[in-house]
Amino acid sequence: MKIELQALEHAYPGGDKALDGVDLMLDGNEPVAIIGQNGAGKTTLVKHFNGILRPTGGKVLIDGIDVNERSTAEWSRSVGYVFQNPDDQLFLESVRKEFEFGPRQIGMSDQDIAHRVDSIAELVGLTKKLDVHPFDLTPTEKKFCTIGAVIMMDPSVVIFDEPTCGQDASGNVCLARIIERLKAQGKLCITISHDMKFVTANFSRVIVMYHGRVLLDGQTREVFAQTDTLRRSFVTPPPVTRVAQGAGLKETVLSVPAFINAIAQERNHRG
Ligand SMILES: Nc1ncnc2c1ncn2[C@@H]1O[C@H](COP(=O)(O)OP(=O)(O)OP(=O)(O)O)[C@@H](O)[C@H]1O
Ligand SMILES: [Mg+2]
């Protein structure tokens, strides 16, 4: 599934332009991360990918079709959006009901729904919580409930809006596994995140937003090599990347093993 943005603009009623001319092409199944400071326009951007928000200028094309030609309910079958705040999404009395709601709306068979509830509860770590009220879940479990509810619909594109926010380390491991699984199924996963360690570990393409525009877009290593531009967008690379840059290593490293490797190589080179 291909999402194409052409000079996309969005101005909220009575506000300035939250998006100010975004051109982007999202395609294939390589996970994409969107980063940038608070208020950069990340949430506004992704809410255009299934019509929750409509362009006030420019165009959004999904597989070549103008987003305005269909309703958000129709687009949500193929492009799922997991809200930044779970309380904006959850409204039923149990995790199971949250999982079953979307698929029922699109006419999935009872048998398929039952099968998917079990496998997706296992994937998001909520097998034992299916009959619990979402309000009684921990913040991390709530987030995974919203993720599960969206994946239940089997969309081709899944958008996560800050899924790592306030999450513990085991939550990040579970999330990495979900992203990996979606990629293996050929789905495109687009994730907004402030957690640079999580971004460098799990995403091959990174898009940096700044003041409603795309400042950088490329392979993760290339993007984190642009130190001056990143500083301008108030994005801080992960600690290991900064240490390596501070030490004057030529290569942009994104992990501790890569750092050790790069040091060894420079030593060999000199020696
Ligand atoms: N419903 C709204 N009405 C008016 N202005 C809004 C609305 N939602 C967002 N904005 C404004 O649009 C701009 C972009 O906001 P957006 O929520 O897209 O940023 P973001 O990059 O997702 O930020 P964060 O990292 O804090 O989630 C900000 O200036 C924000 O104040
Ligand atoms: Mg946001």
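What counts and how
- Residues numbered from 1 in each chain as written.
- Chains lettered and ligands numbered in written order.
- Predicted model: local features only at pLDDT ≥ 70, side-chain atom pairs only at ≥ 80, totals over all residues.
- Helix = DSSP H or I, 4+ residues; strand = E, 2+ residues; numbered from the N terminus.
- Contact = placed C-beta atoms within 7 Å.
- Axes fitted to C-alpha atoms, helices over the stretch in contact; angles between N-to-C directions.
- Parallel < 35°, antiparallel > 145°, perpendicular 65-115°, else oblique.
- Left-handed = near helix turned anticlockwise from the far one by under 90°.
- Nonpolar A, V, L, I, M, F, W, Y, C, P; charged D, E, K, R; others polar.
- Buried ≥ 20, exposed ≤ 12 C-beta atoms within 10 Å, placed from the backbone.
- Pairing = 2+ DSSP bridges.
- Domains from an automatic or database assignment.
- Near = placed C-beta within 6 Å.
- Expected span 1.5 Å × (residues − 1).
- Arc of directions from axis to C-beta.

Right, let's get into the environment of Ile151. On the secondary structure map, Ile151 appears in helix H5 (residues 139–151). Considering only alpha carbons, one finds Ile151 and Val82, 69 residues apart in sequence, at a separation of 9.1 Å. Ignoring any residue separated from it by four or fewer positions in sequence, one finds Ile151 in contact with Gly80, Ile120 and Val158.

Interaxial distance between helix H3 (residues 95–105) and H5 falls to 7 Å at its minimum, and their mutual angle equals 30°. Relative to H5, H3 is oriented roughly parallel. Both H3 and H5 take part in a crossing whose hand is right-handed. Two secondary-structure elements touch here, H3 through Val95, Glu98, Phe99 and Gly102 and H5 through Cys145, Gly148 and Ala149. Broken down by class, the residue content of the contact of H3 with H5 amounts to 4 nonpolar, 2 polar and 1 charged.

Moving on: the pairing of strand E6 (residues 79–82). Every second residue of E6 is oriented toward a common face, with Val79 and Tyr81 on one face and Gly80 and Val82 on the other, all of them buried. Alignment of E6 against strand E7 (residues 157–161), held across 4 bridges, turns out to be parallel. Note on E7: the bridge partner recorded for Val82 is Phe160.

Once that is clear, we can look at the sheet that holds strand E8 (residues 188–192). Within the open sheet, the 6 strands sit side by side as E6-E7-E8-E3-E9-E10. Their pairing is mixed. Two strands in the sheet have a free side with no partner beyond their single neighbour: E6 and strand E10 (213–219). The sheet shows a mean angle of 15° between the axes of neighbouring strands, taken without regard to direction. Note that strand E9 (residues 205–210) and E10 share 6 bridges and pair antiparallel. Bridge assignment links Val206 to a residue of E10, and that residue is Gly218.

On to the pairing of strand E1 (residues 3–11), then. Here E1 runs beside strand E2 (residues 17–26); their pairing, made up of 7 bridges, is antiparallel. For His10, the partnering residue across the bridge sits in E2 and is Leu19. The hairpin turn running from E1 into E2, its antiparallel successor, is 5 residues long, and Gly14 in that turn takes a positive phi close to 75°. Summarising the sheet, E1 and strand E4 (residues 57–62) pair through 5 bridges and their orientation is antiparallel. Paired with Glu9 across the two strands is Gly57, which belongs to E4.

For the rest of this paragraph, the subject is the domain arrangement of the chain. In terms of domains, the chain is made up of domain 1 (1–78 + 156–171 + 181–234), domain 2 (85–154) and domain 3 (238–271). Here the C-alpha centroids of domain 1 and domain 2 sit 24 Å apart. In terms of residue class, the side of domain 1 that touches domain 2 is built from 3 nonpolar, 3 polar and 3 charged.

This part takes up the sheet that holds E1. Across the sheet, which stays open at both edges, the 4 strands sit in the order E2-E1-E4-E5 with antiparallel pairing between neighbours. The open sheet has two edge strands, E2 and strand E5 (65–66), and neither has a second partner. The pairing of E4 with E5 spans 2 bridges and is antiparallel. Pairing of Ile62 across the sheet is with Ile65, part of E5.

This part covers the site of ligand 1. In the vicinity of ligand 1, the contacting residues are Tyr12, Gly15, Ala18, Gly36, Asn38, Gly39, Ala40, Gly41, Lys42, Thr43, Thr44 and Gln84. A per-element tally of the shell around ligand 1 places helix H1 (residues 42–46) first, with 3 residues.

With that settled, the discussion passes to the packing of H3 against helix H4 (residues 110–123). Running from N to C, H3 and H4 cross one another at 135°; their axes reach a closest spacing of 10 Å. With respect to their mutual orientation, H3 and H4 come out oblique. As for the relative orientation of H3 and H4, their crossing is right-handed in sense. Between H3, through Arg96, Phe99, Glu100, Pro103 and Arg104, and H4, the contact on the second element is made entirely by Ile113, Arg116, Val117 and Ile120.

Note on helix geometry: an α-helix contains 3.6 residues per turn, so any two residues three or four positions apart are oriented the same way. Compared with the 22 Å implied by 1.5 Å per residue over 16 residues, the 23 Å span of helix H6 (residues 169–184) between its first and last C-alpha is a close match. Buried within H6 we find Gly171, Cys174, Leu175, Ile178, Ile179 and Leu182. Each buried residue of H6 sits inside an arc of 140° when the element is viewed along its axis, so together they form one side. What points out from H6, more than 90 degrees from its buried face, is the exposed set Ala169, Ser170, Val173 and Ala184. Residues of H6 that are buried make contact with H4, H5, E7, E8 and helix H7 (196–202).

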